[in-house]
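Geometric and topological summary
Chain by chain, the residues:
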Amino acid sequence: MSDAINFQLDGQALQAQPGETLWQAAQRAGISIPHLCHTQGLAPAGNCRACVVEIAGERVLAASCCRTPREGMQVSLQNERVQRSQKMVLELLLANAPATAHSRSSELTQWCEALSVSQPRFAPREQPAPDHSHPAIHVQLDACIQCMRCVRACRDEQVNDVLGIAGSGASTRISFDADDTLGNSSCVACGECVQACPTGALTPANGAALQLADAEVDSVCPYCGVGCQLTYRVKGKKILEATGRDGPANHGRLCVKGRYGYDYVMSDERLRTPLVRRADATKDPADIARVRSGALPLSALFREASWDEALDLAAAGFNKLLASHPHGAQSPLAGFGSAKGSNEEAYLFQKLIRQGFGTHNVDHCTRLCHASSVAALLEGLGSGSVSNPVSDAQYADLIFLIGANPSSNHPVAASFIKNAVKRGATLIVADPRRAPMARFAKHHLAFRPDSDVALLNALLHIIIEEGLTDPDFIAARVNGYEALKASVADCTPERMSELCGIAPQELRTVARLYATSKASMIFWGMGISQHVHGTDNARCLIALAMITGQIGRAGTGLHPLRGQNNVQGASDAGLIPMMLPNYQRVIHTELRQQFEALWGMSEAMGAQPGMTVVEIIHAAFEGRIKAMFVEGENPAMSDPDLDHARAALAKLDHLVVQDIFATETALLADVILPASAHPEKWGSYTNTDRLIQLGRPALTPPGAARQDLWIIEQLGRRIGLPWQYWQADDGAGQLASEAPVARVFEEMRTLMAPLAGVSWARLKREEAVVTPAPHEDEPGQAVVFTDHFPTADGRAQLVPARFMPGPEQPDRDYPLVLSTGRVLEHWHTGAMTRRASALEALSPTPLISMHPEDAAALYLDEGQVVRMSSRHGSLQAQVQLSPEVRLGQLFLPFCYWEAAANVLTGSALDPAGKIPGFKVTAVRVEALAQ
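**So, the overall build of the chain**
- In terms of regular secondary structure, the chain is built from 29 helices and 37 strands.
- Over its C-alpha atoms the chain spans a radius of gyration of 29 Å, differing by no more than 12% from the 30 Å that the globule rule assigns to 930 residues.
- Dimensions of the chain, computed from C-alpha atoms along their principal axes, come out at roughly 90 × 70 × 70 Å.
- For the chain, long-range pairs separated by at least 24 residues make up 72% of all intrachain contacts whose partners lie at least 6 apart in sequence.
- For the chain, the exposed surface amounts to about 33100 Å²; the carbon and sulfur share of it is 50%.
- Looking at charge distribution, the chain has the averaged site of its 82 positive side-chain charges lying 2 Å from that of its 98 negative ones.

Structure below.
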């Protein structure tokens, strides 16, 4: 450490790095200094005075958490004056503490024991009553020492600004909003305050803080694409709590789902034994609502079976069709894999469909979220991955967030964006809704739904016309600039303003800010991709970055925020119909032959890409697809035009579903195979940053449920595949065996160049490796496209887009526009989160967000149950008056089976990405007859 600062602590020579505090330098040297108000990750406050030290030549003691050393400084910790002061601080705090601590890990208790502080001599103050109004968090301020760690965690880390200080003098206390109860406050239950609290004043509501865990298991969150590392505290067959780990993607932070959404694993509704449809139970989509409402028991539709019987029946249905129908494009077989499963499961599943079923008819939920983004990125840049990690927001001068609501969908990612804004970055939010991130934006472009291309073409026009492009970058690395320039020549801000509803001057200001910033970064979500023109939307965003040279450097680039926890990894592994693993197109004979040889296939794979999710459902309805294997997906909730999709699934001759719950799709199956949940297995997962991380088992699957990888292999063997990933020594398939997962992973490495340097041993050792990582002894590439693009000539290809209105236009019969999406507390189709007790308690009811003026025009009140209808279907739900939505716009989450939003959405597709347009559906709302 050439710039190190030399000082002495109790006569011991220490070195501090520039900017390091005395406390940090001591910690690094293995010297413990009492502390309560300070913890790693929070800015030091120095208000508890437990960490004081004496500095030679100074009159007063100094807080070591705030003080930085200087060269030659003499510091004393182990002297009478310092220890007397530290003990006095602890004694005063202990006087106000409850007789019995609310947490086994109370740091106050631990430091009192370490410094032999026992019975305080001081009278306690009057303490506030406990607040148990929140389903996830208990507030017991009799244990509060006002260290402010919870306030700083809420304000500085998560930037939710809920916690503060109320009262004065002896009545000073931690408060929530305007001194509300926690349950009535704006708290988003990220639990950062609970994790920060040193005394148990804030604890999990389930009593976990007082329970001694049998084990602590490091893993990764099963929900969104951020990929937060966490630790499960486990007791017996239950997870007590989840705490954030200092992983590269989250640095200890979690959201409400990651922290409190784990007990779905212990749900009484878990599938525990294989099920086979009863001979007298016909497939009826109406049974979905009957079973989910409790009117019809699951046993009326299915009987229990042994694993051998269930697997034999599952395989027999596929073998019958394999023997009587052609392989390839005309195959009547298809499979839906899962972006919630591991990379290994995704790889083996697509291999089963291709090698075993003989078809490319395999897809997963990326088709319903970011397929159009990937199509545009592959076309324009030669890679469907993000260019920069979320954490690069810290280096950005400007962040352009469009069509995304990360506060609900990617809350930890949102916290890093908010941190960047607090440090001085400019945030521009472009979204028809005024979602929570708009509060932090310098400019909120609340454009008309479905007018994305008009808005973005206006920005491109302004940048080109005003000479704000990067000519050197364009000349060196971009093709198609002149065609783009000609295409947007007439897209003046005045003309595009009429389409998108944003004032011309506002468009000019935003364009100039983006183009002239030293580092501009674009984040987008499904508000961009889930359109019939989603690929065009993404093409425009790519063009923005290319013509300004805002890519290939820290704080720049293009980042489509991935939805599910392993959408990136599942796509990498080939769980898509037109791509083999590592995005190698099935149309290329030489590439197919390489896979055929490596997989030992005696019959060649077809050259024609398979059908996508929605195309498979249409083919099933028409009788061209006759059998499906669905693993961990729920198309009976996630597909558009849901009544049509459910009818299609019910028409199948043979449907096998592998899942952890009897989902809406499973209720239409012939055979249900009970699988393992995320915290019950080994596996690797690739997050939105291209970061591959390790999931470890904390529990064993319940009853006779089995490991997903084992089930896929057993089915493969029964249709004739000579697979030996799972071997006799690995157990019977219920145990979370590491060995077969590692065998599949190592096979993946031989086929996927970005994983070449990531051995299973390295992944276990390092916990997280960013890809591409071509060499095992080198770090992966966090920022890509630094000097070329992975295209044939190394250059990006611009593809112009013209504004075209989508098919869902409002009219007299359907005058309002519905957008669907997620809410903070629930995920995707709700199969997991609606069985997580705290999450369901926080958000139990489907609500239609409606602008108050629209509601007034229809004489509707808050909480009123209404019927919402589209050209495709209708449902009932409650009205929620919300200024977040524009006049004429509605929002409904799609996770509630009792108001399944996708009943309303149509199945028109984007021509390139084959993704449906979930974000724009023409609807009407009417009061129900009294």
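Past the structure itself, the notes keep going.
**Things to note about the state of the cysteines**
- With the rule as written, the count across this model stands at zero disulfides.
- Cys-66 takes part in no disulfide bond, and the closest cysteine sulfur to it belongs to Cys-65, at a distance of 3.7 Å.

**Looking at the environment of Ser-882**
- Within the secondary structure, Ser-882 is located in the loop between strand 35 (874–881) and strand 36 (889–893).
- As for Ser-882 and Glu-862, which are separated by 20 residues in sequence, their C-alpha atoms are 9.5 Å apart.
- Every residue in contact with Ser-882, bar those within four places of it in the chain, is listed here: Ser-849, Met-850, His-851 and Pro-852.
- A polar side-chain atom of Ser-882 sits 3.1 Å from the main-chain amide nitrogen of Glu-884.

**Let's talk about the side chain of Ser-106**
- Summarising the element assignment, Ser-106 is placed in the loop between helix 2 (80–95) and helix 3 (107–114).
- By relative accessible area, which is 4% here, Ser-106 ends up buried.
- Polar contacts involving the side chain of Ser-106 include one to the main-chain amide nitrogen of Thr-109, which spans 3.3 Å.

**Let's talk about the sheet that holds strand 19 (residues 443–445)**
- Reading across the sheet, the five strands line up as 19-18-17-21-22 and stay open at both edges, with parallel pairing between neighbours. The strands lining the two open edges of the sheet, one partner per strand, are strand 19 and strand 22 (557–560). Mean inter-strand twist for the sheet, computed between neighbouring axes without regard to direction, equals 15°.
- Across four bridges, strand 21 (residues 520–524) lies against strand 22 in parallel orientation. In the strand pairing of strand 22, Met-521 is matched with Gly-557.
- Packing against the sheet, helix 13 (residues 452–465) makes contact with strand 17 (398–402), strand 18 (426–430) and strand 19, and its axis sits at approximately 155° to strand 17.
- Along the sheet, helix 17 (residues 504–516) makes contact with strand 17, strand 18, strand 19 and strand 21, crossing strand 19 at roughly 120°.

**Focus on the pattern of salt bridges**
- According to the stated counting rule, one finds 49 salt bridges in the structure shown.
- A salt bridge links Glu-157 to Arg-253, with the shortest nitrogen-to-oxygen separation between them at 3.6 Å. Of this pair, Glu-157 sits in helix 4 (residues 149–157) while Arg-253 is found in the loop between strand 12 (238–244) and helix 6 (256–260), placing the two residues 96 residues apart along the sequence.
- The partner of Asp-811 in a salt bridge is Arg-871, and the shortest N-O contact between them spans 2.9 Å.

**Some words on the packing of aromatic side chains**
- Following the criterion strictly, the structure yields 12 aromatic pairs and no others.
- Feature note: the residues Phe-318, Phe-349, Phe-357 and Phe-629 constitute an aromatic cluster, connected by ring pairs.
- Positioned above the aromatic ring of Phe-891 is the side chain of Arg-433, whose terminal nitrogen or guanidinium carbon lies 3.8 Å from the ring centre.
- Here the guanidinium or amino end of Arg-477 rests over the ring plane of Phe-789, the centre of that ring lying 4.4 Å away.

**Concerning the packing of helix 8 (residues 307–324) against helix 25 (residues 708–718)**
- Relative to each other, helix 8 and helix 25 sit at 55°, their axes nearing to 9 Å. By the angle between their axes, helix 8 is oblique relative to helix 25. For helix 8 against helix 25, the interelement crossing comes out right-handed. Across from Trp-307, Asp-308, Leu-311, Asp-312, Ala-314, Ala-315, Phe-318 and Asn-319 in helix 8, the residues of helix 25 making contact are Trp-710, Ile-711, Gln-714, Leu-715 and Arg-718.
- Split into classes, the residues belonging to the contact of helix 8 with helix 25 amount to eight nonpolar, two polar and three charged.

Definitions and limits used
Residues numbered from 1 in each chain as written. Predicted model: local features only at pLDDT ≥ 70, side-chain atom pairs only at ≥ 80, totals over all residues. Heavy atoms only, no water. Helix = DSSP H or I, 4+ residues; strand = E, 2+ residues; numbered from the N terminus. Rg over C-alpha atoms; globule rule 2.2 N^0.38 Å. Contact = heavy atoms within 4.5 Å. Areas by Shrake-Rupley, 256 points an atom, 1.4 Å probe, with all protein chains shown as cover. Lys, Arg positive; Asp, Glu negative; His and termini not counted. Charge placed at Lys NZ, Arg CZ, Asp CG, Glu CD. Disulfide = S-S within 2.5 Å. Polar contact = N/O pair within 3.5 Å; in protein donor to acceptor, adjacent residues only side chain to side chain. Buried < 20%, exposed > 50% of the residue type's maximum accessible area, 1.4 Å probe, protein only. Pairing = 2+ DSSP bridges. Axes fitted to C-alpha atoms, helices over the stretch in contact; angles between N-to-C directions. Salt bridge = Lys/Arg side-chain N within 4 Å of Asp/Glu carboxyl O. Phe/Tyr/Trp six-rings, centres within 6.5 Å; stacked < 30°, edge-to-face > 60°. Lys NZ or Arg CZ within 6 Å of the ring centre and 35° of its normal. Parallel < 35°, antiparallel > 145°, perpendicular 65-115°, else oblique. Left-handed = near helix turned anticlockwise from the far one by under 90°. Nonpolar A, V, L, I, M, F, W, Y, C, P; charged D, E, K, R; others polar.

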